[in-house]
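# Chain and residue survey
Residue strings, one per chain:
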Amino acid sequence: MENGNNIIINASEEDSTLIDNNTLSINEIITKIGVLSKNENPYQVSKEIEDLKSIFYVKIKEENKHKIISKDLPKEENKKQELHPLEIKFKAVFNTYRKIKAEFRNKKEKEEKQNLKTKRQIIEDIDTLSKEQESIKITFEKFKALQQKWKNTGHVPITVNNDLWQSYNHHIELFYDFIKLNNDLRDLDFQRNLEEKTTICEKMMVNLLCY
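Since the structure is predicted, the reported quantities are computational estimates derived from the model, not experimental observations. (Residues numbered from 1 in each chain as written. Predicted model: local features only at pLDDT ≥ 70, side-chain atom pairs only at ≥ 80, totals over all residues. Heavy atoms only, no water.)

Glancing now at the nonpolar core. Ile 29, Ile 49 and Phe 56 are the most contacted members of the largest nonpolar core, which has 16 residues in total. With sequence-adjacent residues up to four places away left out, Ile 49 is seen in contact with Ile 33, Leu 36, Ser 37, Phe 94 and Tyr 97. Ranked by size, the runner-up nonpolar core spans 15 residues in total, among them Ile 123, Ile 126, Leu 129 and Leu 164. (Core = buried A, V, L, I, M, F, W, Y, C linked by side-chain atoms within 4.5 Å. Buried < 20%, exposed > 50% of the residue type's maximum accessible area, 1.4 Å probe, protein only. Contact = heavy atoms within 4.5 Å.)

Next comes the structure, spelled out in structure tokens:
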């Protein structure tokens, strides 16, 4: 759980220790970024890692004030000297985090594209149900299975989420209209059958009375 520059480092809610990141040494900051990089979702810790980065550069700036640059060395060598060994270590850890974050984003984008494909197919399948010549019971069971599949499918790209959701709801409404229409037609058939049976019975009664 994050709170500004503070983080609960113990997983137990009853025994949690708050640490102020500003009090960490440069080495501890580097170590902490390495630990946070292993988070299942690197975006959940990105704010804290950025805070740690800011704190690191404040501290390394102070450290560099005490560093003496040799006037006898070429400029290129001085530039190498200007980069503190701990900054080299920090950059390596921070770049590893950035790589992990990029890989996570790419994986997420692929999953969202696949989820979009799946959900679009679900919408098509719901539309197809209203054209099938099956019993309403079987059709409705298929419909419920498609609804469950939709719920079990993960996120899609945010840019298409709203349009996709509206399309899904529109086809849900069309399906229920289809079910209602079929029920109305079934009831109408039942009514006609009842009327026909009643007419037949009445005729039979008349014939019986005539005998």
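Anyway, onward from the coordinates.
The next point concerns the environment of Leu 146. With respect to the secondary-structure elements, Leu 146 resides in helix 5 (residues 136-152). In this structure Leu 146 comes out as buried when scored by relative accessible area, which is 12%. When the C-alpha positions of Leu 146 and Gln 121 are compared, they lie 9.8 Å apart, and in sequence the two are 25 residues distant. The contact partners of Leu 146, leaving out residues within four places of it in the chain, are Ile 122, Asp 125, Ile 126 and Leu 129. (Helix = DSSP H or I, 4+ residues; strand = E, 2+ residues; numbered from the N terminus.)

Turning our attention to the side chain of Thr 139. Relative to the elements of secondary structure, Thr 139 occurs in helix 5. Residue Thr 139 is classed as buried on the basis of its relative accessible area, which comes to 1%. With residues near it in sequence (within four places) discarded, Thr 139 still touches Leu 129, Glu 134, Phe 175 and Phe 178.

Moving on, we come to the environment of Asp 51. Along the chain, Asp 51 turns up in helix 2 (residues 46-64). Given the relative accessible area of 18%, Asp 51 is considered buried. On a C-alpha basis, the gap between Asp 51 and Asn 22 in space is 9.4 Å, while along the polypeptide they are 29 residues apart.

So, about the confidence of the model for the protein. Mean pLDDT for the protein: 78, with 69% of residues reaching 70 or above. The least confident element of the protein is strand 2 (residues 6-8), whose mean pLDDT is 37; the most confident is helix 4 (residues 85-129), at 95. In the model, residues 1-17 has pLDDT below 50 throughout and makes 33 contacts with residues more than four positions away in sequence or in other chains. (pLDDT = per-residue confidence, 0-100.)

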